[in-house]
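Each chain is listed here by its residues.
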Amino acid sequence: MSAPCRLPARVLSNERAASDTYWLELDAPPIAETAVPGQFVMIGFGLQDLDAPFLPRPFSIGWRGEDGRIGLLVRRFGPGTHRLAALRAGEEVLLLGPLGRGFEWETGRALVCVAGGVGLAPFLFLAPEAIRNGASVSILYGERTGDRVFDPRLVEQLTGVRPDLYTEDGSIGRAGRVIDGIERGTESCLFGCGPTPMLKALERLAREAELSLQVSVEEHMGCGIGTCQGCVVRSSTGDWIKSCTEGPVFRREELAWPD
Amino acid sequence: MSAPCRLPARVLSNERAASDTYWLELDAPPIAETAVPGQFVMIGFGLQDLDAPFLPRPFSIGWRGEDGRIGLLVRRFGPGTHRLAALRAGEEVLLLGPLGRGFEWETGRALVCVAGGVGLAPFLFLAPEAIRNGASVSILYGERTGDRVFDPRLVEQLTGVRPDLYTEDGSIGRAGRVIDGIERGTESCLFGCGPTPMLKALERLAREAELSLQVSVEEHMGCGIGTCQGCVVRSSTGDWIKSCTEGPVFRREELAWPD
Amino acid sequence: MAGLTQQLWGVEFQSPVLLASGTCGYGQEYAGLIPLDELGGIVTKAVSVEPRPGNPPHRVAETPGGMINAIGLQNVGLERFREEKLPWLAENLDRSHVLVNVVGHTADDFATVVADLDDAEGFLGYEINVSCPNVKGGTLFGTDPEALGELVRRVRGSTDRPVIVKLTPNVPDIAVYARVCEDAGADGLSTINTFPGMLIDVDARRPVIGNLSGGVSGPAILPMGVYLTWQAARAVEIPIIGIGGIRTARDALQYVLAGASLVQVGTALFVDPDVAINVHREISTYLDQQGVARLADLVGALETSGHV
Amino acid sequence: MAGLTQQLWGVEFQSPVLLASGTCGYGQEYAGLIPLDELGGIVTKAVSVEPRPGNPPHRVAETPGGMINAIGLQNVGLERFREEKLPWLAENLDRSHVLVNVVGHTADDFATVVADLDDAEGFLGYEINVSCPNVKGGTLFGTDPEALGELVRRVRGSTDRPVIVKLTPNVPDIAVYARVCEDAGADGLSTINTFPGMLIDVDARRPVIGNLSGGVSGPAILPMGVYLTWQAARAVEIPIIGIGGIRTARDALQYVLAGASLVQVGTALFVDPDVAINVHREISTYLDQQGVARLADLVGALETSGHV
Ligand SMILES: Cc1cc2nc3c(=O)[nH]c(=O)nc-3n(C[C@H](O)[C@H](O)[C@H](O)COP(=O)(O)OP(=O)(O)OC[C@H]3O[C@@H](n4cnc5c(N)ncnc54)[C@H](O)[C@@H]3O)c2cc1C
Ligand SMILES: Cc1cc2nc3c(=O)[nH]c(=O)nc-3n(C[C@H](O)[C@H](O)[C@H](O)COP(=O)(O)OP(=O)(O)OC[C@H]3O[C@@H](n4cnc5c(N)ncnc54)[C@H](O)[C@@H]3O)c2cc1C
Ligand SMILES: Cc1cc2nc3c(=O)[nH]c(=O)nc-3n(C[C@H](O)[C@H](O)[C@H](O)COP(=O)(O)O)c2cc1C
Ligand SMILES: Cc1cc2nc3c(=O)[nH]c(=O)nc-3n(C[C@H](O)[C@H](O)[C@H](O)COP(=O)(O)O)c2cc1C
Ligand code: FES
Ligand code: FES
């Protein structure tokens, strides 16, 4: 893992990819060169204007290009993500990254990536890297409604993997929850990223089936680099541990999973 | 004077007119229809975003069109005016206006408008109205440097009056201060708008020459409509009086003029 | 449609949203712009025994996320307020309520204003401003529990109308002051007034504000206002009016959940005069969406179980 | 080039800009990102006798123009600080100074930390945190003049290093507390810590912050910080470190003009780690433009004549 850098980065493109969902490409060579899948960036808007939002926002690195580009999958939620969704090519944001600990895998393993919503992002980056490392990768991708689905053909184009798609409203892909797609009793490594209820269900399943599982968690962050202690999650030993530096990816055994 | 209204107004155009100087046209029929020269608007950016600037900013109405347009002459200074300078056609601002008491004149009088910098704005509005009323109007227009001069041909186009131009650096028009252009001992009505030192010099001149003088003053404002008492200036009787409702245009006798 | 009315001090407030003192003059100035009679009410600019000239300019300036003001309680004084301002309020406000914000240098001053206005028409009760930081000694009552109790008792003894005390935020423990007011007979509390602040023009090396310092208001103080309202609400039984940085229904509802029965919007009016009526409408829409029948059900309904 | 150095507490500060406690960890985390050794210095996260687990999440959230935090003074504790953190600081910081932020429940706690660290290397002195509003009772020392005086005397007696007391803002008159510290032997003051605040998730009807309330920092508190720094500076002779909402050189210079010899930047670091070095550079540029030879000439140079 290399040291993070601070980088004013130009927006190369920002395209609506689905309802409330944007694919944002930034020119960020130092980050693109050193990032590993599961790591994230903090995107800030600088101190010159006092525009809201004030704090920077964390986003998984969703892709990297040979040419120094990185791609982020951004879903509109509050003011920060609204602002990101409105970015136009040529504008600048302030990046800090790559940050945190990414996913880990052994070559040759079968990796099952379980993505809820924009939890898909880290796997767009992971899949091609892991495949290049000789792993086999499958992606289970769920959304609440069909209009929010990031086009599976695009996923395939970016990753080489055609995702198994689930929507709760059944409008595209299979009807149901992504978790239903997991085959119990496999020898595979589970990777999860998505809303907390999904991660909890995943953990229960992995625990019961004694599967290996790594999850990427989301907590409010201040600094993103371990100084402010803002981003803690409960560890299995009962301590508060920083998700920005000790995570955001944790093995399931490292965390407490209260009901 | 008619009641002010609150109006989300669309930007029709915003053009750089000189160094740091913009000509902003807004679609504001209720304001265009009722405003009189010397009145102003408060421009705010609404409450939805918490973008700076927070307080609305006062601007003289610099022109009005038959079709409901109003024009403002905006000079970049701090965050508020920077934001205004960056407005693009189609964006919206929140207007409150028309506000305050404007210039007053009798038909048939010779009006001498003395403008320092963007103090030119109210006279762009006043001149054609006064001429239509049968007054004769001359405009003395001064800027510190030539690059900041609002094109005299545009002034003529908007007002029908060719301004006498002064620049302190002498790069365009006559070298010197606008105040030097005033002929003492005339029977004319002086109208002044510009920086405080200019207004003070104008007042001294008018007092000594016993000329009638009305000035438009600038003070920090909160509400623009007389509730907050934020915008006071010292009256000749020693009271603090509100420049937003009792002004911004005052007869020189109404104000205290400390050295 | 959800019920936004609140029953307080023997009357009904048709809306929980009032306009804050000092930001709506004596009502009249906003008459054409704001449907004053559809609001919960307005709180007048502070009224003192004698007219006050107020502070030199600049009196207002922008700060990050808000503004600073040092008006110096400029006001027309008791007599002109009674003769010129109250009649307009009596005539024009039918359904919304008026609170008269009262200020003074001594307990006598306060009592004089209250005694003199008490039989006039056009207002419901008093908001006692013990917390304006702009006039010398103005923080005295608001930060000294003994003087505060004394003052509230004095005012209480001078009227049967509702007496609401507006608290100052710069105290270590606002609960102490809230209880003092309640014990002295106050009918309600307004939380909070502005925070003392200063802004310096670096080039001129001078304070921007003529009075050197002033009071900070606007969104910047929202989290402080919510906290202090919550602290005060937990300390007393009397109703509370939440104030500080409100510009949206969600801001207002934070105060309500923290324990406020009514709210006031101040600085946000300068940005958009429609803010008060918009906050009212958005609260209504929100309650409908959430299936909450009455706003009253949300007052103090903050859930803290499971938290520390 | 203008001189930005300041001579204080027997040492030279090469820059007036320090990083505020709790926003720069123990320095190491920012090592690759910020040229720490070019700054005035850093103030460590609070150190207490025992390690502190801290508060449950969420611990941080955005507020209008700032943020709220309730970390709960999570820290590694005295022993690990001494063994693991100080050596790194001793080794890596040559020209910039370290202040150790100290916190405790009792005067004994504070004295224990100071006594235990005193002979270690890698730091200049102490910043005594009497004002963190996040831990139960944490406001006690900071808002009780007697307890504060007692505490400062205790710490003073335990060390010959500089003792700087970081004051809490939510008091009626900070001058009182400033004088108490000076009289008790403090070498300097830091003004100010965060303001108590609360943020409510209206949908969940719960506080956003796990600890219910927290401390508000960032640009929103700038005018309050400048005011309180000015008030403190007028009350005492000892040097003052100005803190609160700084993100530009002009913000920092407001504090300097108000009377601060040094400044700290905190929350703004999260937005841009370059802020500290940028503020330093911009101050330098500004002084050159203005023809001011030394920053020291601006300390407390606020001109108030002609104002009220
Ligand atoms: C490691 C990590 C990776 C992430 N990757 C992505 C991604 O690839 N795509 C994507 O769309 N979103 C991602 N998120 C979530 C994203 O950071 C939030 O949606 C965003 O911060 C919300 O900001 P807002 O202003 O729109 O919403 P608001 O709710 O208004 O934000 C208010 C505050 O809460 C924080 N916050 C709110 N929701 C979250 C959340 N889920 N996680 C962390 N902080 C939150 C914000 O940072 C901010 O400080 C990630 C979060 C983390 C921690
Ligand atoms: C009645 C009136 C008419 C005006 N007409 C024009 C015009 O036609 N064209 C033009 O370019 N400017 C005009 N001004 C000045 C304009 O309002 C200020 O330049 C503007 O408010 C500065 O805002 P800022 O954020 O750019 O600067 P800042 O200095 O950052 O503003 C900070 C605060 O100071 C106030 N302020 C600063 N300068 C002035 C000023 N000169 N007058 C009033 N408040 C000020 C701002 O409103 C704000 O509250 C007028 C001012 C008044 C009072
Ligand atoms: C310009 C101005 C004048 C004020 N005058 C008074 C006053 O006379 N009496 C009073 O009790 N509060 C006064 N206040 C405080 C407000 O009523 C309110 O408590 C404060 O501004 C916080 O609310 P806000 O953030 O919504 O503005 C004034 C505030 C402003 C901005
Ligand atoms: C996340 C965070 C943690 C903090 N922890 C401490 C602390 O441990 N000790 C302390 O004295 N102040 C602490 N503070 C307060 C800051 O040092 C500073 O006084 C305050 O944030 C105001 O400055 P700012 O607006 O520049 O951030 C903390 C602030 C933040 C934002
Ligand atoms: S976000 Fe600051 S420590 Fe993790
Ligand atoms: S700006 Fe509010 S009274 Fe004039």
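So, here's what we can say about the structure. (Residues numbered from 1 in each chain as written. Chains lettered and ligands numbered in written order. Predicted model: local features only at pLDDT ≥ 70, side-chain atom pairs only at ≥ 80, totals over all residues. Heavy atoms only, no water.)

**Points about the side chain of N193 of chain C**
- Tracing the chain through its elements places N193 of chain C in the loop between β10 (188–191) and β11 (195–198).
- Engagement of the side chain of N193 of chain C in a polar contact is seen with the side chain of N129 of chain C, the distance being 3.3 Å. (Helix = DSSP H or I, 4+ residues; strand = E, 2+ residues; numbered from the N terminus. Polar contact = N/O pair within 3.5 Å; in protein donor to acceptor, adjacent residues only side chain to side chain.)

**Description of the site of ligand 2**
Residues and elements named next belong to chain B.
- If you check the shell around ligand 2, you find 20 residues, and the closest are P58, L73, G80, T81 and E218.
- Within the side chain of E218, one N or O atom sits 2.6 Å away from a nitrogen atom of ligand 2.
- Starting from 810 Å² of accessible surface for ligand 2 in isolation, the protein chains cover 87%.
- When its residues are assigned to classes, the shell around ligand 2 shows 11 nonpolar, 5 polar and 4 charged.
- The residue makeup of the shell around ligand 2 includes at least three contributed by each of domain 1 (5–99) and domain 2 (110–218). (Near = heavy atom within 4 Å. Areas by Shrake-Rupley, 256 points an atom, 1.4 Å probe, with all protein chains shown as cover. Nonpolar A, V, L, I, M, F, W, Y, C, P; charged D, E, K, R; others polar. Domains from an automatic or database assignment.)

**Considering the sheet that holds strand β6 (residues 66–69) of chain C**
Residues and elements named next belong to chain C.
- With antiparallel pairing, 4 strands are arranged side by side in an open sheet as β5-β6-β14-β11. Of all strands in the sheet, those bounded by a partner on one side alone are β5 (60–63) and β11. With strand direction ignored, the average angle separating the axes of adjacent strands in the sheet is 40°.
- Here β6 pairs with strand β14 (residues 213–217) via 3 bridges, running antiparallel. Bridge pairing in β14 links M67 to S217. (Pairing = 2+ DSSP bridges. Axes fitted to C-alpha atoms, helices over the stretch in contact; angles between N-to-C directions.)

**A word on the relation of the copies chain C and chain D**
- Rotating chain C by 180° and moving it 0.0 Å along the rotation axis overlays it on chain D with an RMSD of 0.0 Å. What we have between these two chains is a two-fold relation.
- In this assembly, 100% of the residues forming the interface of chain C have copies in chain D that are likewise at the interface, indicating an isologous arrangement. (Least-squares fit on C-alpha atoms with pLDDT ≥ 70 in both. Contact = heavy atoms within 4.5 Å.)

**Notes on the interface of chain C and chain D**
- At the interface, 50 residues of chain C touch 50 residues of chain D.
- Of the roughly 4700 Å² buried where chain C meets chain D, counting both sides, 66% is carbon and sulfur surface.
- Here chain C is connected to chain D by 2 salt bridges.
- R250 of chain D serves as the salt-bridge partner of D203 of chain C, at 3.2 Å between the closest nitrogen and oxygen.
- Along the contact surface separating chain C from chain D lie 14 residue pairs in polar contact (both at pLDDT 80 or more).
- Sorting the residues of the side of chain C that touches chain D by element identifies β11, β13 (206–207), β14, α6 (222–235), α7 (249–258) and α9 (275–290) of chain C as the ones contributing at least two each.
- Residue composition of the side of chain C that touches chain D, grouped by class: 32 nonpolar, 12 polar and 6 charged. (Buried area = accessible area lost by both parts, 1.4 Å probe. Salt bridge = Lys/Arg side-chain N within 4 Å of Asp/Glu carboxyl O.)

**Some thoughts on the site of ligand 1**
Residue and element names in this part refer to chain A.
- Every one of the 20 residues lining ligand 1 counts as a neighbour, but P58, L73, G80, T81 and E218 are closest to it.
- The backbone of P58 places a nitrogen or oxygen atom 2.6 Å from an oxygen atom of ligand 1.
- Taking L73, its main chain carries an N or O atom lying 2.6 Å from a nitrogen atom of ligand 1.
- Here ligand 1 has 820 Å² of accessible area as a free molecule, and 87% of this is covered by the chains.
- Where the shell around ligand 1 is concerned, the elements lending two or more residues are β4 (57–60), β6 (69–75) and α2 (79–85).
- The element best represented in the shell around ligand 1 is β4, accounting for 4 residues.
- If you count residues domain by domain, the shell around ligand 1 takes at least three from each of domain 1 (5–99) and domain 2 (110–218).

**A word on helix α5 (residues 196–209) of chain B**
Residues and elements named next belong to chain B.
- Here α5 spans 20 Å end to end across 14 residues, near enough to the 20 Å set by a 1.5 Å rise per residue.
- The secondary structure elements touched by the buried residues of α5 are β8 (110–116), β12 (189–193) and β13 (212–216).
- E210 sits one or two positions beyond α5 and adopts a positive phi of about 55°. (Expected span 1.5 Å × (residues − 1).)

**A look at the sheet that holds strand β14 (residues 213–217) of chain D**
- In spatial order, the strands read β5-β6-β14-β11 (chain D); together these 4 strands make up an open sheet with antiparallel pairing. Strand pairing shows two members of the sheet lacking a second neighbour, β5 (60–63) and β11 (195–198) of chain D, which therefore form its edges. Here the average twist between neighbouring strands, direction ignored, is 40°.
- As paired elements, β5 of chain D and strand β6 (residues 66–69) of chain D share 4 bridges and run antiparallel to each other. Among the inter-strand pairings, E62 of chain D is bridged to a residue of β6 of chain D, identified as M67 of chain D.
- Running at roughly 80° to β11 of chain D, α6 of chain C makes contact with β5, β11 and β14 of chain D of the sheet.

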